[in-house]
Amino acid sequence: MTEKLKGIAGSMFAGKTEMLLKEISRAEYAGKKVQVFKPAIDTRWEAGSISSHSGGSHEATPVNNSYEIIEYLNPDTYMVAIDEIQFFDAGIIDVVRFLLEEDIRVIFAGLSLDFRAEPFGPMPELLALCDDIDRPTAICNQNIDGQICGEEATRTQRLINGRPANYDDPIVLIGASQEYQARCPNHHKVPGKPQPKIK
Ligand SMILES: [Zn+2]
């Protein structure tokens with residue numbers, strides 16, 4: 001890639017990590033050194049790697065905060081790849097700007113919106129700084145009379161015991177079954193979400 005900062009942003013199940021893995025393998029095939037980081041909070045997969053839903057994987061360094069990326073940085077690194085960047089603290093903005101100043105390319109993948117369809121953590125500022133952005137979408141799997149909707153899904157639906165989660169539901173719910181699904185804007189439901197304020 002010729003651009004210096006590239007973002008991959010979308011909903012869950014859009015294939016963001018798979019796109020990130022493709023960029024990593026392209027750079028490595030070209031003989032460039034790539035370092036991959038992820039927030040330690042992301043425990044879905046093995047601790048020392050990132051994996052896509054379709055089976056690809058690459059080793060990754062879990063970090064507890066954004067500044068650890070600088071601590072772990074090797075002098076010959078050509079590109080830094082960061083997965084699940086929406087979970088990072090606000091310091092990630094300066095860390096990314098520092099890497100760019102050092103002439104290191106940066107590519108990241110993250111959720112642009114949380115389950116409430118509100119901007120996720122540092123994503124708005126990161127996306128504003130990007131030279132290029134990929135916006136992969138998933139497929140809406142809302143069931144309509146036995147068939148799935150099938151429209152492009154840009155949002156992540158949170159379900160608790162099979163029903164749309166309320167705007168104010170706590171992130172951790174003891175004893176409830178919880179899952180996330182991809183939804184188009186029409187089928188994304190957030191009961192209790194405040195309406196936009198116009199005056
Ligand atoms: Zn839909």
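About the criteria used
Residues numbered from 1 in each chain as written. Predicted model: local features only at pLDDT ≥ 70, side-chain atom pairs only at ≥ 80, totals over all residues. Heavy atoms only, no water. Helix = DSSP H or I, 4+ residues; strand = E, 2+ residues; numbered from the N terminus. Buried < 20%, exposed > 50% of the residue type's maximum accessible area, 1.4 Å probe, protein only. Lys, Arg positive; Asp, Glu negative; His and termini not counted. Salt bridge = Lys/Arg side-chain N within 4 Å of Asp/Glu carboxyl O. Contact = heavy atoms within 4.5 Å. Domains from an automatic or database assignment. Buried area = accessible area lost by both parts, 1.4 Å probe. Nonpolar A, V, L, I, M, F, W, Y, C, P; charged D, E, K, R; others polar. Donors = N, O, S within 2.8 Å, 3.2 Å for Na, K, Ca; no water. Tetrahedral: all angles 85-135°; square planar, octahedral: opposite > 155°, others 65-115°.

S.K.: Is there a simple way to think about the side chain of glutamate 68 in this case?
M.R.: Following the sequence through the fold, glutamate 68 ends up in helix H2 (residues 68-71). Among buried Asp, Glu, Lys and Arg side chains, glutamate 68 stands out as unpaired, with lysine 38 the closest opposite charge at 12 Å. What glutamate 68 contacts, discounting residues up to four positions off in sequence, is Pro62 and Val63.

S.K.: Help me understand the domain arrangement of the protein in this model?
M.R.: When the parts come together, some accessible area is lost, and that loss is often what is quoted as the size of the interface. We note that the domain assignment places domain 1 (5-136) and domain 2 (139-187) within the protein. Relative to domain 2, the C-alpha centre of domain 1 lies at a distance of 25 Å. Residue-level contacts link 9 residues of domain 1 with 13 residues of domain 2. Carbon and sulfur atoms make up 59% of the area that domain 1 and domain 2 hide from each other, which totals about 980 Å². Among the residues of domain 1 in contact with domain 2, Ser11, Phe115 and Arg116 are the three that bury the most area, contributing 54% of the side total. Linking domain 1 with domain 2 are 0 salt bridges. Here the residues of the side of domain 1 that touches domain 2 sort into 6 nonpolar, 1 polar and 2 charged.

S.K.: When you look at the environment of glutamine 157 in this model, what are you seeing that I'm missing?
M.R.: Within the secondary structure layout, glutamine 157 lies in strand S13 (residues 155-160). The class of glutamine 157 is buried, set by a relative accessible area of 1%. Distance in space between the C-alpha atoms of glutamine 157 and aspartate 76 is 41 Å, their sequence separation being 81 residues. Dropping the residues within four chain positions of it, glutamine 157 is found in contact with Pro164, Ala165, Glu179, Tyr180, Gln181, Arg183, His187, His188 and Lys189.

S.K.: Could you clarify how one ought to interpret the coordination of the zinc ion in this entry?
M.R.: For a metal with four tetrahedral donors the ideal donor-metal-donor angle is 109.5 degrees, whereas six octahedral donors ideally subtend 90 or 180 degrees. At 2.1 to 2.4 Å from the zinc ion lie its protein donor atoms, namely Cys140 (SG), Cys149 (SG), Cys184 (SG) and His187 (ND1). What the 4 donor atoms of the zinc ion show is an angle range of 101 to 119° at the metal, which sorts the shape as tetrahedral.

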